[in-house]
Every structure is written in C-alpha cells, then in structure tokens.
Amino acid sequence: MAMPEQNPFTPTFGAAPPLMVERDDTIERVLAALRHGPRHPDFTLLLTGRQGTGKTALLDAIAAAARHEGWLSVSATASAPEFGTQLRHELSALAEDMQRAPKTRLASAQALGFGLSWAKEAPDPQPLLHELSLRRMLTGIADTLATSGIGEGLLITLDEFHAADVDGARELAAAVQHVTRREQRPVALVMAALPEVTETVLADMGMTFFHRCARGEIGLLGYDATRTALEVPIRQAGGSIDGTALELGARSSGGYPFMVQLVGYHGWESCADDAKHLAVDDMHEGIHEADQALAAMLLMPLWSALSPTDREVLRHIAANDGPIEVAALASALHKSPSYINTYRRRLLRAGAITAPDRGILDVRDPAMRRWLDGQRPIADIEH
Ligand SMILES: Nc1ncnc2c1ncn2[C@@H]1O[C@H](COP(=O)(O)OP(=O)(O)O)[C@@H](O)[C@H]1O
Ligand SMILES: [Mg+2]
C-alpha cells in the first residue's frame, strides 16, 4: 500500500483549500454574467462574509475560472495602503503582457489597430503606464481587447473591500462606472468584504456605484459539504477516516471553512497511525488542538474587543444549547427587546454571533460556544 502523503489541509487565511466545496453556484453566477456581458446585473458583484468563510480563496477560484473561459484577470487587495496604485501597477503589467502576446496573434492584432490607445494619446514626455488614471488604463485595455482577440474581457477581483480608503474607492467607482456601465465594455468587477462594509465604505457619501452592485453572501458550509471537505482530501492524500470521526469533525467545525481546515489539519496530525486512518480519538485530539488554534487566532482577539455588556449577552447566547430566540434571551436577561437589539447589532458587527433566522441568534460557530464554556469537552456532540 502506498504511504500517505503530506497533510492536505490548509489552515491558513488566503490559502486555496484542498477541496473547495459548496461554492460552485457563486462561481457559476459570475461566469454566467461574464458570458452575458456588461448589462448583466452580476457583472459588478460584491460578496460579503465573515473572516475565514473563504472569500479570498473564492475570489482566486473565480479568477481562475474566468481565465479558463478566456478572460484576463487582475487582482488587488483594498486593505493595502493606496490600493489604487497597486491596481494600476497590476493593470500596467497586464498591458505590457498583452503587448507581448504571441506574434501570430499580435500580427493580426496590429492589422486591426493593435496598440494600447494611451500610448498614442499620451502627452510628451510619456507618463509611465501605471501613472495613468484607472479610467484611462481600463479604457486602453478594453480597446486592445476589442481589437486583438487576446481575451474575452477583463475581470478585476478586489479583496478586503471593507477596508478601502475613500479616494481609492471613488476612483475605482468612477472608472468602472464609465467603462463598464456607460460604455458597456467587458470590464467586470468582483469584490469581497466583511459584512461591516455596509457601515464603512458603503456608508460614505458618493458611493452609489457600489450600492448598485449585485450582492452575494458567503456563509457557512452545509453539513454534507463539510463532510466532503474533510473526507475527500484525506482520501486523496492516501489516508482514510472512520465514519464517527468524520461526523465528529464535521459537526465540531460547524461548517465554518477556516475551522474545517483546522480540524482536518489537526486531526491528521494527531493520527499516529502510519496508514493515516483517522479514528475517533485522533479526531477528539485534533478538535482540541483546532479549538486552541482558533481561540488564539480569532476568538481571544474578538473577545477582548467586546464591552462587558456585550460579553454578558454573548455568554447567555452561548449558554443555550443551540440557536436562541431574541424574546427568550430578553426574558432570561430581564431586559427589553430594544435593549437586546442594541447588543444584537453590536455582536453581529463584531462577528461574535450570527442571526440564522428572523428573531433567532446563535454564536458564530460551535468552537466559540466550546471556548466560552471554558473549553468544555465536546460533550454535546459525543455519542
Ligand atoms: N469552500 C471551501 N471549502 C473548504 N475550505 C475552504 C473553503 N473556502 C475556504 N476554505 C478554507 O478556509 C480558510 C479561510 O479561507 P479565506 O479565503 O482565507 O477566508 P476569508 O478570506 O473569508 O477570511 C482557508 O484555510 C481556506 O483554505
Ligand atoms: Mg481573506
């Protein structure tokens, strides 16, 4: 029997998972818009989701899928200082690549007037490509695309949009508004942001462009998909997993993608067996390790940013075995619904809780409940 390979899991932010489950619909949604053209509502799309739900990995997968269909892509991160400059550099590098396109294509392209339009329009002395405005660059690239057949269009992916500085966001909005919406050129935009984007960038004046972008939510994975995300990579790496261990791992992660990777990773590491058959004990140990890693990386920083009352309300939510009704929470705390509402909003914004349904609240994931319970072992999911 072949020896199992390395640990397949990727418990790192921004890393492509060994198997990306349950995101095909979103990828297909973007591809459908690209095929349809700039009039499609999803041609400019804003995806929101909490940290660790897989936004960065999804943007990368979307860009790869678009390239597979003949689109060019550039990506930038809005939390970087002066992301507008970063984006212009990416675009100028792309423009240079386009000019180095295969000779045969270039020859026919030249016959059709290939040549980036800004090269002709630019005043003397010529500015460097990346010093041109975003709008000029996008126009130039769109012109070249239209005449050269180098690509179907250009997809821009922009990560961490909630942290965008106002100037950069305004320039991007003006450029895409003009090139995509007004001139109907094939320059598509897919952005990812934390849900708080509605209170940061989108709340700023003059951001109507972004308000009109289509929206998508990136959330937790369903139970079956979570099982698949754990089991398939283990098998592909030459290992196997006990049915009960798999159920335990899937339930304890709560379908939270980052935790799925942590649980898979530490479950695999905890397994001393050479053949890497992950048993229930390995998984218990793995979950314990994963809980500690998540606490250090995410839960403790989150907790320390909460007010004493936030914490008290959160503890009550976590003390319930599952989702709790706002009304029940109000009576348990002897408070009015409007008082609860204030803290509901604060805790949602902090990413400490979720609202799975109207009038229902729950902790962000099972790991948070376990952590608040003082690392109570996972008794509630034991058989
Ligand atoms: N659909 C998915 N299935 C399984 N694991 C995923 C999926 N999407 C992301 N992950 C994993 O989750 C973790 C967080 O992903 P990331 O893209 O960094 O999240 P975000 O950008 O939302 O903070 C990474 O370890 C990644 O490999
Ligand atoms: Mg990210």
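Here's what I pulled together on the structure shown here. (Residues numbered from 1 in each chain as written. Chains lettered and ligands numbered in written order. Predicted model: local features only at pLDDT ≥ 70, side-chain atom pairs only at ≥ 80, totals over all residues. Heavy atoms only, no water.)

## Brief notes about the sheet that holds strand E9 (residues 353-357)
Selection rule: Here a strand pair is declared whenever DSSP counts at least two bridges between the two strands. Helix and strand labels come from DSSP, where a helix needs a run of H or I of at least four residues and a strand needs a run of E of at least two; each type is numbered from the N terminus. Should any heavy atoms of two residues lie within 4.5 Å, those residues are considered in contact. Axes here refer to lines fitted to C-alpha atoms; in helices the fit is confined to the stretch in contact. Angles between the N-to-C directions go from 0 to 180 degrees.
Taking strand neighbours across the sheet as the criterion, the 3 strands line up as E8-E10-E9 in an open arrangement whose pairing is antiparallel. Looking at strand neighbours, the two that pair on one side only are strand E8 (324-325) and E9, the edges of this open sheet. Of the strand pairs in this sheet, E9 and strand E10 (residues 360-363) are connected by 3 bridges, and their pairing is antiparallel. The residue of E10 that forms the bridge with Asp357 is Ile360. Each of E8, E9 and E10 is contacted by helix H13 (residues 308-319), which is oriented at about 95° to E10, the strand it contacts most. Against the sheet, helix H15 (residues 337-350) engages E9 and E10, with an angle of about 110° to E9.

## Some thoughts on the packing of helix H9 (residues 223-236) against helix H11 (residues 257-270)
Each pair of packed helices gets described by two things: the angle between the helix axes and the distance between those axes. We apply this condition: Left-handed describes a crossing whose near helix is turned anticlockwise from the far helix by less than a right angle; the clockwise case is right-handed. Basically, the charged four are Asp, Glu, Lys and Arg, the nonpolar ten are Ala, Val, Leu, Ile, Met, Phe, Trp, Tyr, Cys and Pro, and anything else, Gly included, counts as polar.
Two elements in contact, H9 and H11, have axes separated by 10 Å at closest approach and are oriented at 35°. H9 and H11 meet at a crossing whose hand is right-handed. Across from Thr226, Ala229, Leu230 and Ile234 in H9, the residues of H11 making contact are Val260, Gly264 and Trp268. A breakdown of the residues in the contact of H9 with H11 according to their chemical character gives 5 nonpolar, 2 polar and no charged.

## Considerations on the site of ligand 1
The condition that has to hold: Each residue is tested against the molecule or strand, and it is near if at least one of its non-hydrogen atoms lies within 4 Å. Think of a polar contact as two N or O atoms within 3.5 Å of one another; within protein, one of them needs to be a possible hydrogen donor and the other a possible acceptor, and neighboring residues in sequence only count if both atoms come from side chains. Only the protein chains shown count as cover for residues, and the accessible areas themselves come from Shrake-Rupley with a 1.4 Å probe. For the domain bounds, the source is a domain assignment made automatically or taken from a database.
Looking at ligand 1, there are 23 residues lining it, with Thr10, Gly14, Ala15, Gly52 and Lys55 nearest. Separating an oxygen atom of ligand 1 from a backbone N or O atom of Gly54 is a distance of 3.0 Å. The fraction of the free accessible surface of ligand 1 (570 Å²) that becomes covered by protein chains is 98%. Elements with a contribution of two residues or more to the shell around ligand 1: helix H2 (55-68) and H11. Of the residues assigned to the shell around ligand 1, the class counts are 11 nonpolar, 9 polar and 3 charged. For the shell around ligand 1, the two domains that each supply at least three residues are domain 1 (24-217) and domain 2 (223-302).

## Structural notes on unusual backbone geometry
For clarity, the threshold we go by: Burial classes: relative accessible area under 20% of the type maximum marks a residue as buried, over 50% as exposed, and values in between as partly exposed (1.4 Å probe, protein chains only).
Even without glycine at this site, Glu160 takes up a positive phi of about 55°. Assessed through its relative accessible area of 30%, Glu160 is described here as partly exposed. Even without being a glycine, His334 presents a positive backbone phi close to 55°. On the accessibility criterion, His334 (72% relative accessible area) is exposed.

## Describing a negative patch on the surface
Keep this limit in mind: Note on patches: the residues involved have over 30% relative accessible area and no salt bridge, like charges join within 9 Å, and the nonpolar side chains Val, Leu, Ile, Met, Phe, Trp and Tyr join within 5 Å. Take a side-chain nitrogen of Lys or Arg and a carboxyl oxygen of Asp or Glu: if they are within 4 Å of each other, that pair is a salt bridge. When charges are tallied, Lys and Arg are placed among the positive residues and Asp and Glu among the negative ones, while His and the ends of the chain are skipped. Charge coordinates come from a single atom per side chain, which is NZ of Lys, CZ of Arg, CG of Asp or CD of Glu.
A surface patch of negative charge is lined by Glu22, Asp24, Asp25 and Asp224. Note on placement: Asp24 falls in helix H1 (residues 24-36).

## Brief notes about the pattern of salt bridges
The final tally for this structure, using the stated rule, is 12 salt bridges. A salt bridge links Arg364 to Asp365, with the shortest nitrogen-to-oxygen separation between them at 3.0 Å. Considered together, Arg364 and Asp365 belong to a single accessibility category, that of buried residues. Several salt bridges share partner residues, and in doing so they unite Glu28, Arg35 and Glu69 into one network.

## Here we look at the packing of aromatic side chains
Here is the rule: For this analysis, a ring pair means two rings from Phe, Tyr or Trp (six-membered ring only for Trp) whose centres lie within 6.5 Å, classed as stacked if their planes differ by under 30 degrees, edge-to-face if by over 60, and tilted for the remaining angles.
What the rule picks out here adds up to 6 aromatic pairs. Ring centres of Phe43 and Trp71 lie 6.1 Å apart, and the angle between their planes is 65°; on these two criteria the pair is classed as edge-to-face. Pair noted here: Phe43 is in the loop between H1 and strand E1 (44-48) and Trp71 is in the loop between H2 and strand E2 (72-77), with a separation of 28 residues, a long-range link. Residue Trp71 is classed as buried on the basis of its relative accessible area, which comes to 7%. Taking the centre distance of 5.1 Å and the plane angle of 80° together, the rings of Phe209 and Phe210 count as edge-to-face. Looking at Phe209, the relative accessible area reads 4%, which means it is buried.

## Considerations on H9
Stated precisely, the cut-off is as follows: Expected span of a helix: the number of residues minus one, times 1.5 Å. Working note: the arc is built from the helix axis to C-beta atom directions.
Here H9 spans 20 Å end to end across 14 residues, near enough to the 20 Å set by a 1.5 Å rise per residue. Among all positions of H9, only Ala225, Thr226, Ala229, Leu230, Pro233 and Ile234 are buried. Each buried residue of H9 sits inside an arc of 165° when the element is viewed along its axis, so together they form one side. Projecting away from the buried face of H9 at angles above 90 degrees are the exposed residues Asp224 and Gln236. Residues of H9 that are buried in the fold lie against strand E6 (240-241), helix H10 (243-253), H11 and strand E7 (277-278).

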